[in-house]
There are 4 protein chains.
Amino acid sequence: MNRHSYFHIFLGGDELVKKDKPKYKQIVDAAVIVIAENGYHQAQVSKIAKQAGVADGTIYLYFKNKEDILISVFQEKMGMFVEKLEHILTQEVSASEKLRLMIESHFGLLSGDLHLAIVTQLELRQSNHEIRMKINGVLREYLLQMDKILVKGMEDGEFDKDMDIRLARQMVFGTMDETITTWVMNDHKYDLVDLAPKVHRLLMKGMRA
Amino acid sequence: MNRHSYFHIFLGGDELVKKDKPKYKQIVDAAVIVIAENGYHQAQVSKIAKQAGVADGTIYLYFKNKEDILISVFQEKMGMFVEKLEHILTQEVSASEKLRLMIESHFGLLSGDLHLAIVTQLELRQSNHEIRMKINGVLREYLLQMDKILVKGMEDGEFDKDMDIRLARQMVFGTMDETITTWVMNDHKYDLVDLAPKVHRLLMKGMRA
Amino acid sequence: MNRHSYFHIFLGGDELVKKDKPKYKQIVDAAVIVIAENGYHQAQVSKIAKQAGVADGTIYLYFKNKEDILISVFQEKMGMFVEKLEHILTQEVSASEKLRLMIESHFGLLSGDLHLAIVTQLELRQSNHEIRMKINGVLREYLLQMDKILVKGMEDGEFDKDMDIRLARQMVFGTMDETITTWVMNDHKYDLVDLAPKVHRLLMKGMRA
Amino acid sequence: MNRHSYFHIFLGGDELVKKDKPKYKQIVDAAVIVIAENGYHQAQVSKIAKQAGVADGTIYLYFKNKEDILISVFQEKMGMFVEKLEHILTQEVSASEKLRLMIESHFGLLSGDLHLAIVTQLELRQSNHEIRMKINGVLREYLLQMDKILVKGMEDGEFDKDMDIRLARQMVFGTMDETITTWVMNDHKYDLVDLAPKVHRLLMKGMRA
DNA sequence: AATGAATGAGTATTCATTCAT
DNA sequence: GATGAATGAATACTCATTCAT
């Protein structure tokens, strides 16, 4: 039994097989570049195809439609964030330290891929309701992992036990998001990762027991 | 000399004269309703005209183009927020109390106009880069007033003197924004203003000296 | 009360008002010419608009979509056939004579508009299932009138009383249709109306009592 | 020398050799099924290949292009009709009886293959001008055989000697065609072959000397 | 000032056909 | 012979904006 048929059974196959092919990632990466450089509304399928070095029609061998490309971009890239976060969660450190690592990791990933930062913070937010809802679905996974840090911190007495977990999450994510968006809008003039410790300290003061 | 005539000098007369005419507000209000009820991408000029009870062409007697309508919506409505905030700044209370009043006022205004909340938190963010930059310009005035509270609090020793003012502002605004957006996305199931004290407490802990 | 509001009450208004405007007929006539000269599959909306002397977008002020244009072409033109047939039905002549007049009228109308003949006999039959079903609906009205001649002839003893009305109708319409299509495919080399008496005689022999 | 090798000389060998291979018929039969079940415009080459159990590219080893498949469908199937008709022509019976046998045979063949009936009466007529002209070429052979019955009948004094042979053929074929199409459109609710004697009688009355 | 009919630029997607393996 | 991944041309429709009335 080959690898393909193995996955076919557990994961539905078609989808995964396509994601494994080099052109799938090629197109996703092309989409990030085209959207970042041209803006969401000027990111035509033909432009993405050209950037990926494939024919327009080839796009549709790997994606159902344009919407599918955009959601896949977010899914593929968000995957990196979730992976890093999951790794942080396994470490034997305090909740505060995990929070610091998360902020640093999050800032670091976006600092290292300016195109991606523009796409996630500015451009993808211009998408229509339907796409945004699907993106939110992907984001939820990340926020659920984030919650684990907060809950652990509260249980261990590091964070305020009476804290409203939803508000705390909104403060953490809202602060990070606002910080990154401002950085992107200021054309990355300063170093984002340098801000991580300050952001961490600010948030910690807010949540400390 | 009132505030309007002050701006009159800098912004050009035509604009202002038109803003005083009844149809100007009529169209702006229609735009809020149409965008909230149909979504940003389904808010055609003809729909706004119909809602406002004027002909399509009439829109262009009051607005340069569609973009101008959208920016005007934000400008006109944001005006209310700035006015309230300016009033809070004149009060003889602590910076912490001013912060609380601001959050409460901000939440209150949006709670009282669900259409506006949908438009500012969800729909207007789907606009293109250019419009978003202009909206940010309008928002800046509000953030500058907000900064005054933070600076005053730091000077008075209520807030941490070593705080990075930009980060603090991002935490405050990011937390509020994220809280409101979550509330809108949850279809206003709970009372937003009720969350104000909790948000205030959370932010205060973060900034306290 | 003006003419428009009068019709509005009885006929649904919008539709009719548009059909009365000169551009409606202008576009329908342009469609016949474009389809006849370019073939069904090469009759793009932009070509029809150009032929009609209007902008592409104008088409959509008068027609819901391309399908609507095609059905309207058949409806408008078939209207002439039905009108003539209804007039024939009012005449005080034998069923046989009515049949002769119908064939002559049918052949005459198509002889007089070669574009239309090509469109109805060859091109419109290439349309998809949905359009064809709608066209058949329009055609049904014509066949119902035709049935009246056959029924009258049977009642009056001119036609065979034991005739299967459905088969008789299929023979009459099938023969006419096949005759016209052959004439169109032979590039109108001979005179179609000249064939009317012969076709009439042939059909009459088949149906005579 | 058989009929095939006769044509071999005039039509080129490649064609014929391929027609004898099993995959040729496999693809033709698949095309009939796919067109009947999906409609002409939804009968993509890839669907036909799938139904035939071959790869898309394989189609092009047996057919020049898609058009060639469609014409071949008609040719192959029409072959059965011509064969039956040729057999009828050899029989020692009256022209009227031959006509009856032809109608019965024609109705019978289509009754026995509903897919084929749908394809020839409805779907293939949606093909473009060029294909339709080629189909008519194939049909001509059938009509030429049919003419033989009419000519014989006229010579023998069974049919009206003054009959216009072309019109008579159009009546015969038009009536049969219209009858079959109506039967197909009515979802084969009644028995088509049962109608053969009635159709025969109707036509005979029309042509009788 | 107000109208609303007319304009026309711009784009996602399908599918017959090819050709390297 | 057989495959199937890759190609790329071709087209209906929307809607912001104009301008004659």
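Remember, predicted model here, so these are calculated numbers, not experimental data. (Residues numbered from 1 in each chain as written. Chains lettered and ligands numbered in written order. Predicted model: local features only at pLDDT ≥ 70, side-chain atom pairs only at ≥ 80, totals over all residues. Heavy atoms only, no water.)

In this section: the overall build of chain A. For chain A, the helix and strand inventory stands at eleven helices and zero strands. Listed N to C, the secondary structure of chain A is α-α-α-α-α-α-α-α-α-α-α in terms of helices and strands. C-alpha extents for chain A along the principal axes are approximately 55 × 50 × 30 Å. Buried residues in chain A amount to 50% of all 209 residues. In chain A, the share of contacts with a sequence separation of at least 24, taken over all contacts with a separation of at least 6, comes to 70%. Element-wise, carbon and sulfur atoms account for 52% of the exposed surface of chain A, whose accessible area totals about 10,000 Å². (Helix = DSSP H or I, 4+ residues; strand = E, 2+ residues; numbered from the N terminus. Buried < 20%, exposed > 50% of the residue type's maximum accessible area, 1.4 Å probe, protein only. Contact = heavy atoms within 4.5 Å. Areas by Shrake-Rupley, 256 points an atom, 1.4 Å probe, with all protein chains shown as cover.)

Bringing the relation of the copies chain B and chain A into the picture now. For the match of chain B to chain A, the screw axis carries a shift of 0.3 Å, the RMSD comes to 0.3 Å, and the turn is 178°. The transformation relating the two chain copies, once decomposed into turn and shift, fits a two-fold axis. A shared binding surface is used by both copies, with 97% of the interface residues of chain B retained as interface residues in chain A. (Least-squares fit on C-alpha atoms with pLDDT ≥ 70 in both.)

Below, the discussion takes up the UniProt feature "domain: HTH tetR-type" (unreviewed entry) in chain A. If you check UniProt for "domain: HTH tetR-type" (unreviewed entry), the listed places come out as residues 21–81 of chain A in our numbering. For residues 21–81 of chain A, helix accounts for 79% and strand for 0%, while the C-alpha atoms at its two ends are 22 Å apart. (UniProt positions renumbered as here; feature names shortened; annotations may be inferred.)

Taken together, the contact pairs 36 residues of chain B with 36 residues of chain A. Between chain B and chain A, roughly 3,000 Å² of surface is buried when both sides are summed, and carbon and sulfur atoms account for 58% of that area. Inspection of the region where chain B meets chain A yields four salt bridges. Residue B:D160 is joined to A:K205 by a salt bridge in which the shortest nitrogen-to-oxygen separation is 3.6 Å. At the level of elements, α8 (114–123), α9 (129–155), α10 (165–185) and α11 (196–207) of chain B are the ones that each hand at least two residues to the side of chain B that touches chain A. It is α10(B) that provides the largest number of residues to the side of chain B that touches chain A, a total of twelve residues. (Buried area = accessible area lost by both parts, 1.4 Å probe. Salt bridge = Lys/Arg side-chain N within 4 Å of Asp/Glu carboxyl O.)

Now for the interface of chain D and chain C. The accessible area lost on association of the parts is a frequent measure of interface size. Contacts between the two partners involve 36 residues from chain D and, on the opposite side, 37 residues from chain C. For the pair chain D and chain C, the summed buried surface comes to about 3,000 Å²; carbon and sulfur atoms form 58% of the total. Run the count over chain D and chain C and you get four salt bridges. Remark: the boundary between chain D and chain C carries nine residue pairs in polar contact (both at pLDDT 80 or more). Going through the elements one at a time, α8 (114–123), α9 (129–155), α10 (165–185) and α11 (192–207) of chain D are the ones with two or more residues in the side of chain D that touches chain C. By residue class, the composition of the side of chain D that touches chain C is 14 nonpolar, twelve polar and ten charged. (Polar contact = N/O pair within 3.5 Å; in protein donor to acceptor, adjacent residues only side chain to side chain. Nonpolar A, V, L, I, M, F, W, Y, C, P; charged D, E, K, R; others polar.)

Here the focus is the packing of helix α6 (residues 66–90) of chain A against helix α7 (residues 95–111) of chain A. All names here are of chain A. At their nearest, the axes of α6 and α7 sit 10 Å apart, and the two run at 155° to each other. Classified by the interaxial angle, the pair formed by α6 and α7 is roughly antiparallel. The two elements α6 and α7 meet at a crossing, and its hand is right-handed. Contacts between α6 and α7 involve M80, F81, K84, L85, I88 and L89 from the former and K98, L101, M102, S105, H106, L109 and L110 from the latter. Looking at the contact of α6 with α7 residue by residue, the class counts come to nine nonpolar, two polar and two charged. (Axes fitted to C-alpha atoms, helices over the stretch in contact; angles between N-to-C directions. Parallel < 35°, antiparallel > 145°, perpendicular 65-115°, else oblique. Left-handed = near helix turned anticlockwise from the far one by under 90°.)

A word on the protein's contact with DNA strand F. Near DNA strand F there are 28 residues, and of these A:T58, A:Y62, C:Q44, D:T58 and D:Y62 occur at the shortest range. Near the protein, meaning within 4 Å, the atoms of DNA strand F are sugar or phosphate in a fraction of 72%, with bases accounting for the rest. Side-chain polar atom of B:Q44 to a phosphate oxygen of DNA strand F: 2.8 Å apart, as the coordinates give it. Secondary structure elements with two or more residues in the surface near DNA strand F: α5 (56–62) of chain A, α5 (56–62) of chain C together with α5 (56–62) of chain D. Of the residues forming the surface near DNA strand F, the biggest block, five residues, is contributed by α5(D). In the surface near DNA strand F, the residues fall into twelve nonpolar, ten polar and six charged. (Near = heavy atom within 4 Å.)

You can overlay chain D on chain C at an RMSD of 0.3 Å; the transform is a turn of 178° with a shift of 0.3 Å along its axis. A shared interface surface links the copies, since 100% of the contact residues of chain D are contact residues in chain C too.

For the rest of this paragraph, the subject is the UniProt feature "DNA-binding region" (unreviewed entry) in chain A. UniProt tags residues 44–63 of chain A as "DNA-binding region" (unreviewed entry). The span residues 44–63 of chain A carries 75% helix and 0% strand; its end-to-end C-alpha distance comes to 14 Å.

Core analysis: the largest hydrophobic core is formed by 143 residues, its most contacted members being C:M102 and D:M102. In this structure, A:V32, A:I35, A:M154 and B:V184 belong to the second largest nonpolar core, which totals 142 residues. (Core = buried A, V, L, I, M, F, W, Y, C linked by side-chain atoms within 4.5 Å.)

In this section: the protein's contact with DNA strand E. Every one of the 27 residues lining DNA strand E counts as a neighbour, but A:Q44, B:K23, B:T58, C:T58 and C:Y62 are closest to it. Those atoms of DNA strand E that come within 4 Å of the protein belong to sugar or phosphate at a rate of 72%. Within the contact set of DNA strand E, a phosphate oxygen lies 2.5 Å away from a side-chain nitrogen or oxygen of A:Q44. Measuring from a phosphate oxygen of DNA strand E, one finds a backbone N or O atom of D:K66 at 2.8 Å. Contributions of two or more residues to the surface near DNA strand E are made by α5 of chain A, α5 (56–62) of chain B together with α5 of chain C. Broken down by element, the residue count for the surface near DNA strand E peaks at five residues, all from α5(B). Counted by class, the surface near DNA strand E contains twelve nonpolar, nine polar and six charged residues.

Residues and elements named next belong to chain A. Scored by pLDDT, chain A has a mean of 89; 92% of the residues are at 70 or more. Ranking the elements of chain A by mean pLDDT puts helix α1 (residues 3–11) last, at 39, and α7 first, at 97. When the criterion is pLDDT under 50, residues 1–14 qualifies, and its contacts beyond four places in sequence or with other chains add up to nine contacts. (pLDDT = per-residue confidence, 0-100.)

Moving on: the arrangement of the chains. Spatially, chain A is disjoint from chain C: no contact exists, and the shortest C-alpha separation is 22 Å. For the non-touching pair chain A and chain D, the nearest C-alpha separation works out to 14 Å.

This paragraph deals with the packing of aromatic side chains. How two aromatic rings sit relative to each other is given by the distance of their centres and the angle of their planes. On inspection of all chains with the given rule, the structure shows eight aromatic pairs over all chains. Ring geometry for B:Y24 and B:F63: centres 5.0 Å apart, planes at 20°, overall stacked. Pair noted here: B:Y24 is in helix α3 (residues 22–38) and B:F63 is in the loop between α5 and α6 (66–90), with a separation of 39 residues, a long-range link. You'll find B:Y24 and B:F63 in the same group, each marked buried. Directly above the ring of B:Y190 sits A:R166, whose terminal nitrogen or CZ lies 4.3 Å from the centroid. (Phe/Tyr/Trp six-rings, centres within 6.5 Å; stacked < 30°, edge-to-face > 60°. Lys NZ or Arg CZ within 6 Å of the ring centre and 35° of its normal.)

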